[in-house]
Every structure is written in C-alpha cells, then in structure tokens.
Amino acid sequence: MRVFKNKSCDRFTKNEKIKDKDLWEAVERANKGLISADLGGGLIKQRIARKGQGKSS
C-alpha cells in the first residue's frame, strides 16, 4: 500500500503538532480494520491522539 500526505494535510499536522509516526500508526490501525467511522465511498475517519488530549476529545 502507498500512503501520501498532501500539502494541506502536512500544514495541518504541523500546526497541530501531530508526528508522522502517529499518522503511520493510524494507517496501520485502518489496515487492520480498526477504524473510527466509515463515511462511504472508500473514505474513512481515523482518530489520532494528540498530546494531552487523547483520541476522542
């Protein structure tokens, strides 16, 4: 599987201080079928824990 991070996603993750390692872990969870929500059309929602906030808040 190939994973791409576009420019707007890169800016957002830098602003939110989300590390590439955390994004990769989210991709691995999605590959295992552990997704937060299926939005249809092949689009999924995957939560990523941010420092001091957890996944759901």
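The structure displayed is predicted, hence computed values, not measured ones. Along every chain, residues carry numbers that run from 1 in the direction the sequence is written. For a predicted model such as this one, the threshold for reporting local features is a pLDDT of at least 70, and the threshold for listing and counting side-chain atom pairs is 80 or more; totals across whole chains, interfaces and linings nevertheless cover every residue. To obtain the side-chain values, all non-hydrogen atoms of the structure were used and water was disregarded.

1. A short note on the overall build of the protein
No. 1: Along the backbone of the protein there are two helices and two strands.
No. 2: Ordered by position in the sequence, the α and β elements of the protein form the string α-α-β-β.
No. 3: When a residue's accessible area, from a 1.4 Å probe over protein chains only, is under 20% of the maximum for its type it is buried; when over 50% it is exposed; and in between it is partly exposed. The buried share among the 57 residues of the protein stands at 7%.
No. 4: Taking the 15 positively charged and 7 negatively charged side chains of the protein as two groups, their mean positions are separated by 3 Å. Each helix corresponds to a stretch of at least 4 residues labelled H or I by DSSP, and each strand to a stretch of at least 2 residues labelled E; elements are numbered beginning at the N terminus. Charge counting treats Lys and Arg as positive and Asp and Glu as negative, with His and both chain ends excluded. Charge positions come from single atoms, namely NZ of Lys, CZ of Arg, CG of Asp or CD of Glu.

2. A word on the pairing of strand β1 (residues 37-40)
No. 1: Only strands joined by at least two bridges in the DSSP assignment are considered to pair. The sheet contact formed by β1 and strand β2 (residues 43-45) spans three bridges and is antiparallel. For G40, the partnering residue across the bridge sits in β2 and is L43.
No. 2: Hairpin remark: β1 followed by β2, antiparallel, with two residues in the connecting loop; positive phi at G41, about 65°.

3. Some points on the layout of surface pockets
No. 1: Here a cavity denotes grid points, spaced 1 Å and computed from the protein atoms alone, that fit a 1.4 Å probe unable to get out, and a pocket denotes an open set having protein on both sides within 12 Å along at least 5 of 7 lines; residues with an atom within 4 Å of a point are the lining. Grid points are joined across faces, edges and corners, and a volume is the space filled by probe spheres set on the points. By volume, the largest pocket is sized at about 400 Å³.
No. 2: Around the largest pocket sit 16 residues that line it, and V3, F4, L23, A26 and V27 are the ones nearest its centre.
No. 3: Elements that contribute at least two residues to the lining of the largest pocket include exactly α2 (20-31) and β2.
No. 4: The element that contributes the greatest number of residues to the lining of the largest pocket is α2, accounting for six residues.
No. 5: Only Asp, Glu, Lys and Arg are considered charged in this grouping, and only Ala, Val, Leu, Ile, Met, Phe, Trp, Tyr, Cys and Pro are considered nonpolar; every other residue, Gly among them, is considered polar. Partitioning the lining of the largest pocket into residue classes produces 11 nonpolar, two polar and three charged.

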